[in-house]
Amino acid sequence: MRGVLHPKPDDGPWSEFAANLSFAAAEPGNAGDLVAAGPAGREGDRRQTPRRLYHLAIPPVAFTSMVGMLGASGLATDRTRVII
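To keep things clear, this report deals only with the structure shown in the data block. These figures come from a predicted structure and were not determined experimentally. (Residues numbered from 1 in each chain as written. Predicted model: local features only at pLDDT ≥ 70, side-chain atom pairs only at ≥ 80, totals over all residues. Heavy atoms only, no water.)

Glancing now at the overall build of the protein. Helices and strands together make up the secondary structure of the protein, namely four helices and two strands. Seen in sequence order, the protein has helices and strands lined up from the N terminus as α-α-α-β-α-β. Taking all 84 residues of the protein together, the buried fraction comes to 18%. Considering only intrachain contacts with a sequence separation of at least 6, the fraction spanning at least 24 residues in the protein is 58%. In the form shown here, the protein has an accessible surface area of approximately 6900 Å², with 56% of it arising from carbon and sulfur atoms. (Helix = DSSP H or I, 4+ residues; strand = E, 2+ residues; numbered from the N terminus. Buried < 20%, exposed > 50% of the residue type's maximum accessible area, 1.4 Å probe, protein only. Contact = heavy atoms within 4.5 Å. Areas by Shrake-Rupley, 256 points an atom, 1.4 Å probe, with all protein chains shown as cover.)

Shown next, in the form of structure tokens:
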């Protein structure tokens, strides 16, 4: 369907989801900006480990090192998913 625009959803679930999004750029071996923009501050004091989703807009050659950096920085848990 060429030319069809799909507007973003405007209902409650989308607004709640969008409010929890953040963006950060990172350089190889330096997760500082990711940690600063990361979810820890927004997750607060929860009794369970939250689910996290990372969307990586990176070249294929960087996949392994970036996923490794997420793990080494503590940003990835067993409930984390990555979109590449």
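What follows continues from the structure just given.
Once that is clear, we can look at the side chain of Thr80. With respect to the helices and strands, the residue Thr80 is situated in strand β2 (residues 80-83). Thr80 gets classed as buried once you look at its relative accessible area, which sits at 12%. Here the side chain of Thr80 touches Thr77 through a polar contact of 2.7 Å, landing on its backbone nitrogen. (Polar contact = N/O pair within 3.5 Å; in protein donor to acceptor, adjacent residues only side chain to side chain.)

Counting residues in each nonpolar core, the largest one holds eight residues, listed as Ala31, Leu34, Tyr54, Leu56, Met66, Met69, Leu70 and Leu75. Ranked by residue count, the leading element in this core is helix α4 (residues 63-72), at three residues. If we skip the residues at most four places from it in the chain, Met69 touches Ala26, Glu27, Gly29, Asn30, Ala31 and Leu34. (Core = buried A, V, L, I, M, F, W, Y, C linked by side-chain atoms within 4.5 Å.)

This part covers the environment of Arg81. Relative to the helices and strands, Arg81 is located in strand β2. Sequence separation between Arg81 and His55 is 26 residues, and the spatial gap between their C-alpha atoms is 8.7 Å. Those residues within four positions of Arg81 in sequence are excluded, and the remaining contacts are Arg52, Leu53 and Tyr54. Here the side chain of Arg81 touches Asp78 through a polar contact of 3.5 Å, landing on its backbone oxygen.

So, to be careful, I would describe these as geometric facts and stop short of saying anything about function.
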